[in-house]
Amino acid sequence: AQSVTQLDSQVPVFEEAPVELRCNYSSSVSVYLFWYVQYPNQGLQLLLKYLSGSTLVESINGFEAEFNKSQTSFHLRKPSVHISDTAEYFCAVSNNNNDMRFGAGTRLTVKP
Amino acid sequence: DAGITQSPRYKITETGRQVTLMCHQTWSHSYMFWYRQDLGHGLRLIYYSAAADITDKGEVPDGYVVSRSKTENFPLTLESATRSQTSVYFCASGGDRAGQPQHFGDGTRLSIL
């Protein structure tokens, strides 16, 4: 089965600084990749996904992620973060067989 | 409003008791999922359903039972609760691709004493 490793459990950053949340996956077949965001006491929300085509995918709130097949990575980036971006971020991988696997999560804390 | 509603939001019970967590969606999505979230593990799939009357096991199904008599409802039952089932449970739904939840409920925090 596929698996996901989120390399940082916590990432503190100052407001307006750039951020990168790292995600690596392993799978023996083609995969689909996802980033979800979870705000306190809420469920997860789909942030962006890679299914096929362009390896760079973007969300509506300024995040982007790039699928790198050779490095088996799908890192999430934002050039300038806001206080409101403080949340837990989950990377997930699926091979379309009803078996989506999530990483353990990265807690992003944006400080003023 | 369209969305997913989970109930209860919080539940405390004792070992050995049966408890049912409810999930209702208004999207008319064909797929529904139950996950548990534990610190350090992310989310793990318990059961999923591809349509009414079709359910299947996920990664951690032991100790849980599901049913789906109607498309919009997907209850999760712990038949004899154990302390290891203390967790936050999330229901999710999705319509376009298998195994890919699009919308999550706000979760049920379950404590088993």
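The structure we're discussing is the one just above.
Position numbers for residues count from 1 along each chain, tracking the sequence in the order it is written. By the order in which they are written, chains take letters starting at A while ligands take numbers starting at 1. Reporting in this predicted model follows two pLDDT cut-offs: at least 70 for local features of residues, and 80 or more for side-chain atom pairs to be given and counted; totals over whole chains, interfaces and linings ignore these cut-offs and use all residues. Values reported for side chains reflect all heavy atoms of the structure, with hydrogen atoms and water molecules removed beforehand.

A. Seen up close, the overall build of chain B. A tally of helices and strands in chain B yields 0 helices and 11 strands. Taking the principal axes of the C-alpha coordinates as reference, chain B spans close to 40 × 30 × 30 Å. Out of the 113 residues in chain B, the part that is buried amounts to 48%. Sequence-distant contacts in chain B: of pairs separated by 6 or more residues, those separated by 24 or more amount to 55%. Numbering goes from the N terminus for both helices and strands, where a helix is a DSSP run of H or I of at least four residues and a strand is a run of E of at least two. Note on classification: 1.4 Å probe, protein chains only; a residue is buried when its accessible area is under 20% of the maximum for its type, exposed when over 50%, partly exposed between these limits. Whether two residues are in contact is decided by their heavy atoms: any pair within 4.5 Å suffices.

B. Here's a closer look at the overall build of chain A. The secondary structure content of chain A amounts to 0 helices and 12 strands. Counted from the first residue to the last, chain A has its helices and strands arranged as β-β-β-β-β-β-β-β-β-β-β-β. For a compact globule of 112 residues, the expected C-alpha radius of gyration is about 13 Å, and chain A comes in at 13 Å, within 12% of that figure. Taken along its principal axes, the extent of the C-alpha atoms in chain A is 45 × 30 × 25 Å. Residues counted as buried form 48% of the 112 residues belonging to chain A. A separation of at least 24 residues holds for 55% of the contacts in chain A among residues at least 6 apart in sequence. What sets the accessible areas is the Shrake-Rupley method with a 1.4 Å probe; for residues, cover comes only from the shown protein chains. When the accessible area of chain A is evaluated, it comes to approximately 5,400 Å², of which 47% is carbon and sulfur surface. This radius of gyration counts C-alpha atoms alone. The globule rule is 2.2 Å times how many residues there are, raised to the power 0.38.

C. Representation of the pairing of strand E10 (residues 87–94) of chain A within the structure. All names here are of chain A. For E10, a buried count of 8 out of 8 residues is recorded, marking the element as mostly surrounded by other parts of the structure. Neither face of E10 is left uncovered, since the one carrying Ala87, Tyr89, Cys91 and Val93 and the one carrying Glu88, Phe90, Ala92 and Ser94 both have all their residues buried. Two strands form a pair only when DSSP identifies at least two bridges running between them. Relative to E10, strand E5 (residues 32–38) runs antiparallel, the two sharing 7 bridges. Note on E10: the bridge partner recorded for Leu33 is Val93. The sheet contact formed by E10 and strand E12 (residues 106–111) spans 3 bridges and is antiparallel. From the neighbouring strand, Tyr89 faces E12, where its bridge partner is Thr106.

D. The pattern of salt bridges, seen in detail. All names here are of chain B. Whenever Lys or Arg places a side-chain nitrogen within 4 Å of a carboxyl oxygen from Asp or Glu, that contact is recorded as a salt bridge. As enumerated under the stated definition, the model contains 8 salt bridges over all chains in all. Between Glu14 and Arg17 there is a salt bridge, with the nearest N and O atoms lying 3.4 Å from each other. Of the residues examined, Glu14 reaches a relative accessible area of 44% and is grouped as partly exposed. Across the pair Asp38 and Arg36 runs a salt bridge whose closest N-O atoms are separated by 2.8 Å. Three or more residues joined by partner-sharing salt bridges are found here, namely Arg36, Asp38 and Arg44.

E. Region of interest: the interface of chain A and chain B. Opposite the 20 residues of chain A that make contact, chain B presents 23 residues. Of the roughly 1,800 Å² buried between chain A and chain B, counting both surfaces, carbon and sulfur atoms make up 48%. A:Arg101 is paired through a salt bridge with B:Glu59; the nearest N and O atoms lie 3.4 Å apart. Looking at the side of chain A that touches chain B, the elements with two or more residues in it are E5, strand E6 (44–50), E10 and strand E11 (101–102) of chain A. A per-element tally of the side of chain A that touches chain B places E5(A) first, with 4 residues. When residues are grouped by polarity, Ala, Val, Leu, Ile, Met, Phe, Trp, Tyr, Cys and Pro land in nonpolar, Asp, Glu, Lys and Arg in charged, and all others, Gly among them, in polar. Broken down by class, the residue content of the side of chain A that touches chain B amounts to 10 nonpolar, 8 polar and 2 charged. Buried area: the accessible area, evaluated with a 1.4 Å probe, that two parts lose upon being put together, summed over both parts.

Read these as layout, nothing more, since geometry by itself doesn't imply function.
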